[in-house]
Every structure is written in structure tokens, then in C-alpha cells.
Amino acid sequence: MSVHHFSAPATGVARAALLALAASISGCGGTSAPESLDELARLSLAQIDGELAIPGLRESVEVLRDETGIPHIYAQNDDDLFFAQGYVMAQDRLWQMEMWRRWHEGRLAEIFGPEALDYDRRTRLMMFRGPWDASEWTSYHPEAERIFTAYANGVNAYIEQNRDNLPVEFRLTGIVPDPWTARTVVLRWAALAVPSVRGHAISEMQLAMNVARLGVEEANRRAAPDPWDDLEVPEGLDVSIITQDIINAMRAGDSDPFVAGRLPDLEVVEEYRSLMPAVRTAQVSSREVPTEGSNNWVMSGARSPTGVPILANDPHRRIEMPALRYFVHLVAPGWNVTGGGEPPFVGVDAGNNERMAWGFTFAGTDMVDVFVEEMHPQDPNLVRWQDGWERLTVIEEQIQVKGEAPHTVELKFSRHGPVFYEDLENRRAYAVQSVVQYPGTAAYKGSFKLAQAGGCEDFFDRAMYWKVPTHSLICGDVSGNIALQVTGLTPDRDGWNGRLPVPGTGQYEWRGFRSDLPREFNPSRGYIATANNNVHPPGYEGRPVFYHSTRGVETSRITRLHQVLGSGEQLSVDDHMQIQLDAYSLRAARDIASFQGWTSEDADVEWARAAVAGWDAKFTKESSAAAVYVRWAALVDDGARNNSLSASQRQAVVEQGLEDTLERLARDFGTDRTGWRYGRIHDSELRHIMASAFDLPTVERPGGSGTVNATGANFRRIIDLADLDRSVASNSPGQSAQPGSPYYDNLVENLGNGEYFPLVFTREAVEELAVHRLTLNPAGS
């Protein structure tokens, strides 16, 4: 594996420049009209040095930002700690938080118009509607309601103090954020295709359609469940009436709205139209493929040079700007936790305290089921339940729509959950029962219990409060323990497994939730690793908690990790960095043999063949062989890998594929082969959600699909539990979402060059790297 550089702390001239820039930022202000977008952005920057008086604080709070832009927040009580976190997050990510909130409240149409109505309808249908009692709040933490209220108050304090100078996106559009509450903080993932759930509602319906089209045996063979399951059609389910129209209705409004082409552009207020006539609405390029894979592993002390575990985690998601996740360090009596998380940014989703660290990958537990309700012959609001009829709950809500009168939507609910489709011809209503309608299922909030864990021994009980998403959580602690706990609120199905829709008449019901999820503690192999694979431990005899697939599912990452981690060697932090950045493709290594042992009479094809034949199977940015192989692999089907082919037949398939590849590369990148770099194929655009003037340069990247360094890898942590100050991390393009901030784009090159930054923990180490110091004081003190 290639050596990658670790970015050392800024010193000398570089550090002086950062401090000078800090001073200039602290002095930003003025009342004259801005003459450019850049100037407007600079005028909108938050104050990150000096002192501020904040109504709502009880005692002073220190916020030290290090050279990376990570805030280390030191408070004297936990109310002030989370109040300050809310204030700081609003300083750096308020527009991102506003868009997240509007999406998850079903209020996008207010600012985007009728094109956003499908998203708002779906959110309103699927959102959690209570109970707002202890069953909700204490699932996250005994003091969660108070903590989340403090966080919301901190967000609101920043909004109120800066109402006349909110971040540039608010100034351009005139949008004013509403006050936050504790309920805002626990908004749910409201979708039929729940992120990270392989057995989600849409996949159930698609499998049912395949059963109708192909028969049970063939549909199941193509699905290739892992672990294997002999698919059975539930008694009373008529798969013949499940149509593509239902699938289309399920998909409407169920995807991420902030992808190019899905929402119209926002309008710029009159005051700033001379600076920017129009804005766009595309946080992510339409060509950016969502990547929800992840890697994590933890090595026992015997596999570490220090004798204490090292934990590594890189949960993958799409590459976007600003980055989905944000690093923070929270310190107060009873709290000392550092790590990162995603909107709404309260607490730490993946992190460590003084004694233990945790990380996650998506596990795939099936948390959603479709129930086919039999509709009354005359009354569509009555559905069969056992031997009688039961009335649906009907709610009417108004959705505010920009440029139009409010739209009234009718939302229906059976005892099982929201009704997403009504088939009046066949008298069937389709409802979904999802764990997000249950208390305690706000995403990642189980992390609050982990943040105060004493080690891996009490990790297991705490991890079971991590109800959404479904994750393979790993743990390492200073006592030398390592552990795995599969998490996610997992339905206990009575005699069925949830792979297909079921009749809603009472024969197929959830009977609570399972507690027998897979776990491991100090396995003899000396490490634990997961990469979205089947993590039922060897010898696991319980009912499967999920069904993965052996067909079309990428398993190269976990295979490669076992190759590297199973070597028995002791691995340092530097070694783990190289493993996270490993660009070796097992599939390519297997295919290279098809390019060897023959030559082509066509000189151009022979050049391409020889390049791949002598290649090391690593997806490096500069590699032309990698570019040729990836384009070739995309153009040929599995026929080139068919073992039944003769050598001459396989050669013909490969040769024709190379001819097509050369044409494609020349069309895309020109005829100069020195420009045929893999990085030009595997790059990431970093588009500002509104203004092209704030876009960052496209980054060419190594790695990609099938490698440990996958396309969605960005947020990385390597935690050395022997010395937490030796821990490192990465997250591009920067901590701040405010254009003009020194932390808007300071980490952008790390996305392509593999550099990490220090993830320090002790106060002494934080002081050494501190560049900005902000004191938040109670108003009137």
C-alpha cells in the first residue's frame, strides 16, 4: 500500500497566517452595501474570537477552535454545554440545518413551490406524531428533553442575535428560520425506503412483483438472500395485483430533494439581484451516486503496538458540500466526548470519551413492513381486522405553497401505519409499519447513552437504545476489550420474516421487538471488522435479523479487510490510515488474468491490454491502466468472466470491450492518453447549494467501488485508546458551511490526497492547536 502523508499542526508562518486571518474575521462588519457575493458572504461570517454576551446561558463557556476548525467546547454544566453546541452549530451550519429541518417537517413547498409537494406529502404521512412523553425522551438519555431543549435554545439564541446578519444564503433568499424546539431535534427519517434498511417497503413490493412475474423459486433465486431463506408467499397475499403504479407512487417524494433537477431554483431578493440574478438548488450533482457503504474495525491490544485497542471507522455517504458530518468536542462535568455527527448535529454520533470509542456501519436490519389492508366494499375508510371492520384514522393538513393557495392533504392511517396507496378497483389499501413511528427512533440519538459509557462491558446494554439506523456498532476500551453489537429496533414477527408484504387482517403482526441481536466480545481472532456484510457470528442459531443478498451486493471491502487485518501483524495508527486509504480492487485483480497470455494485432488495443495486464489492481488517481479497466468493466457484461468460455472466446470478448473502451476514453478525455487518468473518471464535485460562485474545485480521487477507500469515504476516524491525542481524522471540504470562512475549504484537498488531521482530546493538546478562542458569557454578566 502506498504511503500517505499526515498533515502536521500548523507552525511558524502558516500558524501566524491563520491567527491573522482570525483577527480579520473577528472584525468583519459594517453597514455599507456589499459590492460582490464574496463581500456579502464575508459580512455574514460568525464571530469566532473574543467575547459574546448570550441570553440564556448560566455560566461562561469557552469555545476553542483548533487549526482544522473543530470547536472544543468547555462548559461548567451540561445545560450550557449543549446550549453552546447549538449556538456554535448555528454559526457554522445554519443553512444546512434549515434545509434539513424543512425537509423533515414537510415544509419545502413554502419556499420552493408546488414542485416540492410530493416531498412534503410523504414527510407528513410518515412523520412521528407522538407520544411526546418519557417513552420518547428517556430512550435517548435520562435528561434528553432538557438537553435537546438546551441545544434548541442555543440555536435560537444565535438566530436572534444575528437576525439582521444571518449567513449569506438567508440574506440572498430572505428566508427567516423559525425557532427550534426539542421536537425539532428528534425529527425522523420519514421514508418508505428507509436509509440503511435492505428490507424496506419498496424492496418488499418489488419482490412481490417478481414473484408474480417469475414464480416464487426464480424470484427468490435472483434475490439470493443471505442467509438463505426459502421464500414463502404469505397466506392471503395476492401478488398479481401489485403493479408498477404502486411502486411509482411509493417513490414519489421518497428520495433526497437536494439533488440537481429535483427542486426549482430559489429566488433572490430584490436587494441582491444585481449580485446574483438567480440561485440554483442542487447540493449534489445528479451524477454523484449515493454511497451508503461503511467500514469499521477495532483491534485488540495484542494487535496494537501499545497493547491497547485501536478503533477505525469510516461511515460512507455521498460526497457533498458542506460535508454531511461535522466534528466537535464537548466537555462539562459528566461529559468529555469528541467525534462527529450529521444534522441536526446535537451531541456526537460517532466518537469517544476518556475510556472507550465506538463506530458504526449500516447493518441492514429489516425495520419496515407493508400491510395490505382489505378495503370495505362500500366505504374506503373501513378495512378488515380479524372478523370485523376497523375505521382508518383520517387527518387533514394544509401545506403552505409558495405562489399558490395552501394545499389540503388527506392523510390516512390504519392500525399498522400510514396508508401510502389506495387501489379502489381491487379494494386494497397499502399501509406501512415502520419503526420510525415508535418512540426513541430519532436517528443516531442512541449515541447519548454511549457517550457516557465506561467501557465495552456496559456498551451492550447502552447500544440497544440505538434504535435507528440499523448499525453494526463496534467498541474498544482502555481496558483492552473489543466488542460488536448489531443495533436497530428490530420487529419480532410472529411466524413470518418480512420479505414480502402481508395481509393486514391480523394473521401477521409484530409482537414487540427483539433483544437477541448478534454480538461479539473479545473474539479470539483479535479483531472485529464489518463492512455492511452479513454479521451473524459463526454458529449464530437465532432467527436471522436481516437478509442480505449474495447477488449484486458488494462484498469486496469486507473480504479485503479480512485479508489485511487477519495477517496477525501489529498495526499502528499509520497502518490503519493506509488501510482506510487502500485502493486495491479484488475484482480487478481477478480480471487481470483475462488480459494476460495473449496479444492483439491492433496496436491501440494491444496498448490497452498490456496496460491492464501489467497493472497492480490499485485505483490510484494517476493510473491510466485503472481508467482503462474501469471503463472496460462498465462496458462488458459478465460474459467476459464466464468460466465456460474457451480462451479464444474470452479473448474476443475482452478485445471487443477494449475497442469500445478506447473510443469512450477518447470521446471523454481526448486522444492524448497522458490525460487518461483514473482520477478524471472518479472525481467528486463540490457544489454550493445555491451559488456557483461558492463552488469548490472538483476533486480527483483514488479508490472507488469495491475498494476499502470507497467513493463515499470522507469522514474517517482512527482512535488510539492508548493515547487519545495520537488519534487522527478526515472530513472534507471543511467544518464551516459559510463561504469566506477559513474553514469553508481548508480540507478540500484531503479528499483526494489522503491527508488526515489531528483529533486531539486533552486540554493541553487542544491549547497547543487552538487558533480561535471565543468566550460565551451570560447576558448581563
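1. Considerations on the state of the cysteines
1) Next: Scanning the entire structure with this criterion turns up one disulfide.
2) Next: Paired through a disulfide, Cys-456 and Cys-475 show a sulfur-sulfur distance of 2.2 Å. Measuring the twist about the S-S bond at about -100°, one finds the Cys-456-Cys-475 disulfide to be left-handed. On the criterion of sequence distance, the pair formed by Cys-456 in the loop between α13 (447-450) and α14 (459-463) and Cys-475 in strand β18 (residues 471-477) is long-range, its members being 19 residues apart. Accessibility assignment for this pair places Cys-456 and Cys-475 in one class, buried.

2. Examining the packing of aromatic side chains
1) Next: Inspection of the entire model under this criterion finds 36 aromatic pairs.
2) Next: The interplanar angle of 85° and the centroid separation of 5.4 Å between the aromatic rings of Tyr-87 and Tyr-158 together place this pair among those described as edge-to-face. In this pair, Tyr-87 is assigned in helix α3 (residues 78-105) and Tyr-158 in helix α7 (residues 144-161), connecting sequence segments 71 residues apart.
3) Next: Under the relative-accessibility criterion, Tyr-87 is labelled buried at 1%.
4) Next: On the basis of relative accessible area, Tyr-158 is assigned to the buried category, the value being 2%.
5) Next: The ring centre of Trp-389 lies 4.2 Å from the NZ or CZ of Arg-384, which sits over that ring.
6) Next: Directly above the aromatic system of Tyr-465 lies the positively charged group of Lys-449, at a separation of 3.7 Å from the ring centroid.

3. Some remarks on the packing of helix α18 (residues 603-613) against helix α19 (residues 624-635)
The description of two packed helices rests on the angle between their axes and on the distance between the axes.
1) Next: For the pair α18 and α19, interaxial distance at closest approach is 9 Å and the crossing angle is 105°. Considering the angle they form, α18 stands roughly perpendicular to α19. Where α18 approaches α19, its residues Trp-607, Ala-608, Ala-611 and Val-612 are matched on the opposing element by Ser-624, Ala-625, Val-628 and Tyr-629.
2) Next: When grouped by side-chain class, the residues that make up the contact of α18 with α19 number seven nonpolar, one polar and no charged.

4. A few points about the layout of surface pockets
1) Next: Here the second largest pocket is characterised by a volume of approximately 360 Å³.
2) Next: If you trace the second largest pocket, you find 14 residues lining it, with Arg-121, Leu-125, Glu-410, Val-419 and Phe-420 closest to the centre.
3) Next: Of all the secondary structure elements, the ones that give two or more residues to the lining of the second largest pocket are α5 (117-126), β15 (407-413) and β16 (419-423).
4) Next: Of the residues belonging to the lining of the second largest pocket, the class tally is eight nonpolar, no polar and six charged.

Reading the values: rules and limits
- Residues numbered from 1 in each chain as written.
- Predicted model: local features only at pLDDT ≥ 70, side-chain atom pairs only at ≥ 80, totals over all residues.
- Heavy atoms only, no water.
- Disulfide = S-S within 2.5 Å.
- Helix = DSSP H or I, 4+ residues; strand = E, 2+ residues; numbered from the N terminus.
- Buried < 20%, exposed > 50% of the residue type's maximum accessible area, 1.4 Å probe, protein only.
- Phe/Tyr/Trp six-rings, centres within 6.5 Å; stacked < 30°, edge-to-face > 60°.
- Lys NZ or Arg CZ within 6 Å of the ring centre and 35° of its normal.
- Axes fitted to C-alpha atoms, helices over the stretch in contact; angles between N-to-C directions.
- Parallel < 35°, antiparallel > 145°, perpendicular 65-115°, else oblique.
- Contact = heavy atoms within 4.5 Å.
- Nonpolar A, V, L, I, M, F, W, Y, C, P; charged D, E, K, R; others polar.
- 1 Å grid on protein atoms, 1.4 Å probe; cavity = no way out; pocket = protein on both sides within 12 Å on 5 of 7 lines; lining within 4 Å.
- Points joined across faces, edges and corners; volume = space filled by probe spheres on them.

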